[in-house]
Amino acid sequence: METSTSSYSSSESVDVKKLAGRPKRGRPLPFGATPVEGGVNFSVHSSGAIAVSLCLFTEEDLQKGRVGKEFPLHPVFNRTGDVWHVYLPDVCPNLLYGYRLNGKFSLEEGCCYDLSRILVDPYAKAVVSRGKYGALGPGNSCWPQMAGMVPQLNDEFDWQGDSPPRHKQKDLIVYELHMRGFTQHPSSNVDFPGTYLGALEKLPHLKDLGINAIELMPIHEFNELEYYSYNPVMGDHKMNYWGYSTINFFSPMTRYASSGIQNCGRDAIKEFKTFVREAHKLGIEVFMDVVFNHTAEGNEMGPIISFRGLDNRVYYMTAPKGEFYNYSGCGNTFNCNHPVVRRFIVDCLRYWVLEMHIDGFRFDLASILTRASSLWDKANVFGASEDVDGDCVTTGTPLSEPPLIDMISNDPVLRGVKLIAEAWDSGGLYQVGNFPHWGIWSEWNGQYRDTVRLFIKGTDGLAGAFAQCLCGSPHLYQDGGRKPWHSVNFVTAHDGFTLLDLVSYNSKHNIANGESNNDGETHNNSWNCGEEGELVSVRVRRLRHRQLRNFLVALMVSQGVPMVTMGDEYAHTKGGNNNTYCHDNAINYFRWDKLRTDPTGLFRFSRHLFNFRRQSLGLGDFPTAERLEWHGVVPETPDWSETSRFVAFSLVDAKKRELYIAFNTSHLPVLVTLPERPGFKWQPVVDSSKPAPYDFLADDIPDLATAYAQYSPLLNAQIYPMISYSSIILVLVPLNED
């Protein structure tokens, strides 16, 4: 199977005169292909090329492996500084383009100019190659030639007056979603499964669930065939399913569109815009998971697609002898704080906000964005100065004020959207609580995940740490001037166990990946509740049902921004596989059939709980003694000892209602004495130990009054029995209220 990028013939198609008029000098800015009156301006950066040609294709040319027309750029007339540019008048519609560069090819010097390659413009707004997801290219190639879409001047989209929801961060509930996996399973019953339009059909589910922000796993153009190889365990082929290996940062993934590469990828852009527009109509914001820490070009053995062939030493962190720094764990590291690269990243983010109406970004391995670039010094980064002695910093050194983060944080467009950092990288840099934030960056709170997992499964010595998590992790964020909502709280994410697997497996079971179970994280802080796997006793199954609800309760009552993972609302399982990056199959697909049957009532519980959270539980600041009081099994007597597995508190919420919330993660039951409130009584809302639908008391229970009456004798006595591994939420109501 061919896995390297194709070399393209320089022979031109017959009707070359019809593609464009006589080339002119053009302008160096803006970068990319820009339609103007009468033609298109092309501009690309390359500091080391000795020759550059603009290559035009028709769609037929691309499929037949030929260049439609090649325009050599004059090294003086068509160059300004390190920018090569040309203007083409009378450009035919539906054309594609790329660049051919000549120069030194020496890996030891970090130079990768290869005349046989036609490169994708980093600023291309759509990338065209294969039209169907998972289908091989011509000659069974996994890496067929790619080309950018030549834009047209009057290519408008009807946004229908779209306005971003602009929710306050404290009010967000984020849902991590895989665009293909959300509707690819046959049970989705959508018209276009696995696509932007398919996901659009299912947006009402998210609205009903209480979600008001979607965090899309990568939808930038990537190659799902990057890992293509036969997997004998599953009897299918391994794929780059997750998509964390970007080819082009300006282009939406064309094979996530029902239209594929039709109309040179323009229809894919419109489909994505339609998805965003319709999400906004439902009050749902759309965030993108962006992977600016590395690209699909890999290490020195990887393909030459775009950045490497244009300016390898600029776009990647390289050592003096050409070796690639690998802080990403994926073969290369994007040179984020180089002036050219950081401008590229800011231009890209602005495009997605202004043109695509994106509401925020989650930055994968964001700590790489804080590392010093190759050739770091003040003259290189900020321009020449009289004295730069002593200003040199080793490549990759963490910077306290990284220029890229500074630019993003103070950009007049980007400052108005949500910015979320995954504040660590694969090089050992861990910045949770310490990411350079300029007062606006949030963080995936990995410490929250670890602490909550350990406490809920009954680990000693964590009562105090769990209480910090419930308060929005002030030990991490308060001293830096940030607020609780700068902590994005999560228990699960795409990489790792699902929520059901977290309570079903002590160890990873990744045999399906074809890597002898050697891949994936070993330390998961999981607990199988006494028996491993799916076929377990009734006792264990009931305990797992409680634990699922305990995790969700903890997530929703904690200050900060809760994030849930696609499928956890109905207890999706991946069979204990905690690294499903390579599976384009039912292991990863959302199971709409299971959601509809909801055999354990978890979806109903999740829907009520999430909406309960949205009503009043997101506070504007860290809770103080004015609205928060800690309790033990008796009021006002919290137990912070090493052996404590009980945490309870009363909280005045945003609606000025008082709630009583308690977690018993011991293997023993406890009898809780409730705080007395003269003239009021405690009314049950949540008890994770009760069978559905009585785990959440809401108006959809026909005999709700009877359910309340069953609790009355105990609540009238100000006591509440809690069995092992359970959680409760009570609300204070006037005595005369039913």
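Further up the page is the structure itself.
In this text the structure is predicted, and so the values were computed from the model without any measurement.

This part is about the pattern of salt bridges. Counted by the stated rule, this structure contains 39 salt bridges. The salt bridge partner of Arg130 is Glu224, with a shortest N-O separation of 2.9 Å. Residue Arg130 is found in the loop between β12 (127-128) and β13 (147-149), and its partner Glu224 is found in the loop between β16 (220-222) and β17 (229-231); the two are separated by 94 residues along the sequence. The buried category is assigned to Arg130, whose relative accessible area is 5%. Each member of the salt-bridge network shares a partner with another, and the members are Glu60, Asp61, Lys64 and Arg66.

Our next topic: the sheet that holds strand β30 (residues 680-687). With antiparallel pairing, the five strands of this open sheet are ordered in space as β26-β27-β28-β32-β30. Strand pairing shows two members of the sheet lacking a second neighbour, β26 (628-631) and β30, which therefore form its edges. Pairwise comparison of adjacent strand axes, ignoring direction, gives a mean angle of 20° for this sheet. Relative to strand β27 (residues 646-652), helix α10 (residues 463-470) is tilted by about 25°, and along the sheet it contacts β26, β27 and β28 (658-664). Running over the sheet, helix α16 (residues 704-716) touches β30 and β32 (726-734) and is turned about 125° from β30.

Next up on the list: the side chain of Arg546. Looking at the element boundaries, Arg546 is found in helix α13 (residues 538-557). Aside from chain neighbours lying at most four places away, what touches Arg546 is Ser688, Ser689, Ile723, Ser724 and Tyr725.

For the structure shown, the criterion picks out 50 aromatic pairs. Arranged with centres 5.9 Å apart and planes meeting at 90°, the rings of Tyr97 and Tyr99 form a pair that is edge-to-face. For the pair shown, Tyr97 and Tyr99 are each scored as buried. Its guanidinium or amino end placed over the ring of Tyr327, Arg371 lies 3.8 Å from that ring's centre, counting from NZ or CZ. The side chain of Arg549 reaches across the aromatic face of Phe605, ending 5.4 Å from its centre.

Counting 208 residues, the largest nonpolar core has Phe42, Leu56, Phe361 and Phe363 as the members making the most contacts within it. Among the elements that make up this core, the one with the highest residue count is α13 (ten residues). Of the residues that make up this core, three or more belong to each of domain 1 (32-149) and domain 2 (628-734). Apart from residues lying up to four places away in sequence, Phe361 is in contact with Phe287, Met288, Val290, Leu349, Trp352, Val353, Val417, Lys418, Leu419 and Ile420. Formed by 19 residues, the second largest nonpolar core is a distinct cluster that contains Ala648, Leu697, Leu704 and Leu732.

The rules behind these values
- Residues numbered from 1 in each chain as written.
- Predicted model: local features only at pLDDT ≥ 70, side-chain atom pairs only at ≥ 80, totals over all residues.
- Heavy atoms only, no water.
- Salt bridge = Lys/Arg side-chain N within 4 Å of Asp/Glu carboxyl O.
- Helix = DSSP H or I, 4+ residues; strand = E, 2+ residues; numbered from the N terminus.
- Buried < 20%, exposed > 50% of the residue type's maximum accessible area, 1.4 Å probe, protein only.
- Pairing = 2+ DSSP bridges.
- Axes fitted to C-alpha atoms, helices over the stretch in contact; angles between N-to-C directions.
- Contact = heavy atoms within 4.5 Å.
- Phe/Tyr/Trp six-rings, centres within 6.5 Å; stacked < 30°, edge-to-face > 60°.
- Lys NZ or Arg CZ within 6 Å of the ring centre and 35° of its normal.
- Core = buried A, V, L, I, M, F, W, Y, C linked by side-chain atoms within 4.5 Å.
- Domains from an automatic or database assignment.

Structural measurements only, silent on function.
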